[in-house]
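The primary structure of each chain is shown beneath.
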Amino acid sequence: AALLAERPDLNEYMETADDNSVNLPFLPVFPAAQVLRARAEYVDTPELSGISYVTAFRQDVSPLIASEFLYTFQGLTADGQTYVAAVFPVTAPGFPAEYPANLDYDAFVARLHEYFNESITALNAADGETFVPALSTLDSIIQSITVGQ
């Protein structure tokens, strides 16, 4: 609720932190670390206020695979009484379909922070229509949510 009331610049959430302390709200709780957040934006409809973003979770240190990303909306109903979470798997453009066979793990770990920041930059720069499904389709689903009495 504080995030929506104060409306801080979401760019600060689209950076990696060595201690993984920078997160955006995400329900349901995942048994893993939220390693990146991209394309974060506020969403306001007559029914809801919240944020949407693309994220990925990790329990290990490994490269991101195109099919491992999630688009999410996390927000509240207009009356502030109900939390609304929507999570959709998406395939992100520009990421490999599978782990590289010749991964130099030590070199990858040495530049992990840089890798995540580059990944955030790539996700932010990608055309939303090149995600599968297109992010505009998912945005439309969020825009269509109505809350019954």
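Undergrad: Would you explain the environment of Val 43 in this entry?
TA: Summarising the element assignment, Val 43 is placed in strand β1 (residues 33–44). Exposure remark for Val 43: the relative accessible area of 9% places this residue in the buried category. For the pair Val 43 and Leu 10, spaced 33 residues apart in sequence, the C-alpha separation works out to 12 Å.

Undergrad: In this structure, what is going on with the sheet that holds strand β4 (residues 83–90)? I would like to understand it.
TA: Remark on secondary structure: sheet strands pair via backbone hydrogen bonds, oriented parallel or antiparallel. One open sheet holds the four strands; their spatial order is β1-β2-β3-β4, and the pairing between them is antiparallel. Lying at the two open borders of the sheet, with one neighbouring strand each, are β1 and β4. On average, each strand axis in the sheet is inclined to that of its neighbour by 20°, with strand direction left out of account. With eight bridges joining them, strand β2 (residues 48–58) and strand β3 (residues 69–77) adopt antiparallel strand pairing. Paired with Tyr 53 across the two strands is Thr 72, which belongs to β3. Contacting β1 and β3, helix α3 (residues 112–125) runs over the sheet at an angle of about 30° to β1. Relative to the sheet, helix α4 (residues 135–143) contacts β1, β2, β3 and β4, its axis offset from that of β4 by approximately 160°.

Undergrad: Explain the packing of aromatic side chains to me, please; I cannot follow it from the model alone.
TA: Remark: the centre distance and the inter-plane angle together describe each pair of aromatic rings, the angle taken between the planes. Under the defined criterion, the tally for this structure stands at seven aromatic pairs. Pairing Tyr 115 with Phe 116 gives two aromatic rings, centres 5.7 Å apart and planes at 55°, and the pair type is tilted. The class for Tyr 115 is buried, based on a relative accessible area of 13%. According to the relative accessible area criterion, Phe 116 is buried, its value standing at 8%. Pairwise contacts between aromatic rings join Phe 26, Phe 30 and Phe 57 into one cluster.

Undergrad: Help me understand the pairing of β3, please; the structure alone is not making it clear to me.
TA: Taken residue by residue, a regular strand's side chains alternate between the two faces of the sheet. Judged by how many residues are buried, β3 sits mostly within the fold: nine of nine residues are covered. Examined bridge by bridge, β3 and β4 share eight bridges and lie antiparallel to one another. Paired with Phe 73 across the bridge in β4 is Ala 86. Counted along the chain from β3 to the antiparallel partner β4, the turn is five residues long, and its residue Gly 80 has a positive phi close to 75°.

Undergrad: Honestly, a nonpolar patch on the surface in this entry has me stumped. Any pointers?
TA: On the surface, a cluster of nonpolar side chains totalling about 290 Å² of accessible area is made up of Leu 27, Val 29 and Tyr 83. Within the secondary structure, Leu 27 is located in the loop between α1 (2–6) and β1.

Undergrad: Please clarify how the environment of Tyr 53 should be interpreted in this entry.
TA: The residue Tyr 53 is located in strand β2 in this model. Once residues lying within four places of it in the same chain are set aside, the contact partners of Tyr 53 are Leu 24, Pro 25, Phe 26, Gln 34, Arg 37, Ala 38, Arg 39, Ala 40, Leu 70, Tyr 71, Thr 72 and Gln 74. A distance of 3.5 Å separates a polar atom in the side chain of Tyr 53 from the backbone oxygen of Leu 24.

Undergrad: Even after reading the chapter, I still don't get the side chain of Thr 45, so can you show me in this structure?
TA: The topology assignment puts Thr 45 in the loop between β1 and β2. For Thr 45, a relative accessible area of 13% puts it in the buried group. Among the polar contacts made by the side chain of Thr 45, one reaches the main-chain amide nitrogen of Glu 47 at a distance of 3.1 Å. In contact with Thr 45, other than residues within four places in its own chain, are Ile 142 and Gln 143.

What counts as what
Residues numbered from 1 in each chain as written. Predicted model: local features only at pLDDT ≥ 70, side-chain atom pairs only at ≥ 80, totals over all residues. Heavy atoms only, no water. Helix = DSSP H or I, 4+ residues; strand = E, 2+ residues; numbered from the N terminus. Buried < 20%, exposed > 50% of the residue type's maximum accessible area, 1.4 Å probe, protein only. Pairing = 2+ DSSP bridges. Axes fitted to C-alpha atoms, helices over the stretch in contact; angles between N-to-C directions. Contact = heavy atoms within 4.5 Å. Phe/Tyr/Trp six-rings, centres within 6.5 Å; stacked < 30°, edge-to-face > 60°. Patch = residues over 30% accessible without salt bridge, like charges linked within 9 Å, V, L, I, M, F, W, Y side chains within 5 Å. Areas by Shrake-Rupley, 256 points an atom, 1.4 Å probe, with all protein chains shown as cover. Salt bridge = Lys/Arg side-chain N within 4 Å of Asp/Glu carboxyl O. Polar contact = N/O pair within 3.5 Å; in protein donor to acceptor, adjacent residues only side chain to side chain.

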